[in-house]
Amino acid sequence: MQTVGTPVNAPYLRVRAKAGAAPVMVTPELDLGTTGRLGVRAWQKE
């Protein structure tokens, strides 16, 4: 994990519900720390 560097904030994301679907913009205002990386995976029903 990187702990030094310039903090990165993501003001919005464009996501797709499935391959080929139109992208949707969401505005979660994410703080990505100094890595500038965001890990994602598919949602799963509990």
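Cut-offs and rules
- Residues numbered from 1 in each chain as written.
- Predicted model: local features only at pLDDT ≥ 70, side-chain atom pairs only at ≥ 80, totals over all residues.
- Heavy atoms only, no water.
- Helix = DSSP H or I, 4+ residues; strand = E, 2+ residues; numbered from the N terminus.
- Buried < 20%, exposed > 50% of the residue type's maximum accessible area, 1.4 Å probe, protein only.
- Contact = heavy atoms within 4.5 Å.
- 1 Å grid on protein atoms, 1.4 Å probe; cavity = no way out; pocket = protein on both sides within 12 Å on 5 of 7 lines; lining within 4 Å.
- Points joined across faces, edges and corners; volume = space filled by probe spheres on them.
- Nonpolar A, V, L, I, M, F, W, Y, C, P; charged D, E, K, R; others polar.
- pLDDT = per-residue confidence, 0-100.

### Description of the environment of Met25
For step 1, the next point in the chain: You can see Met25 is positioned in strand 3 (residues 24-26).
For step 2, the next point in the chain: A relative accessible area of 52% means that Met25 is categorised as exposed.
For step 3, the next point in the chain: Taking the C-alpha atoms as reference points, Met25 and Gly5, 20 residues apart in sequence, are found 27 Å from one another.
For step 4, the next point in the chain: Aside from chain neighbours lying at most four places away, what touches Met25 is Tyr12, Leu13 and Arg14.

### Observations concerning the environment of Lys18
For step 1, the next point in the chain: Tracing the chain through its elements places Lys18 in the loop between strand 2 (13-15) and strand 3.
For step 2, the next point in the chain: C-alpha of Lys18 to C-alpha of Gly33: the two residues are 15 residues apart in sequence and 28 Å apart in space.

### A look at the layout of surface pockets
For step 1, the next point in the chain: Of the volumes computed, that of the largest pocket is approximately 440 Å³.
For step 2, the next point in the chain: Taken together, Leu13, Val15, Arg16, Ala17, Val26, Pro28, Leu38, Val40, Arg41, Ala42 and Trp43 make up the full set of residues lining the largest pocket.
For step 3, the next point in the chain: Partitioning the lining of the largest pocket into residue classes produces nine nonpolar, no polar and two charged.

### What to know about the confidence of the model for the protein chain
For step 1, the next point in the chain: Averaged over all residues, the pLDDT of the protein chain is 80; the fraction at 70 or higher stands at 93%.
For step 2, the next point in the chain: Confidence scores differ between elements of the protein chain, with strand 4 (residues 30-31) showing the lowest mean pLDDT of 76 and strand 3 the highest of 88.

### Observations regarding the environment of Thr27
For step 1, the next point in the chain: Summarising the element assignment, Thr27 is placed in the loop between strand 3 and strand 4.
For step 2, the next point in the chain: Taking the C-alpha atoms as reference points, Thr27 and Arg16, separated by eleven residues in sequence, lie 14 Å from one another.
For step 3, the next point in the chain: Apart from residues no more than four positions distant in its own chain, Thr27 is found in contact with Pro11 and Tyr12.

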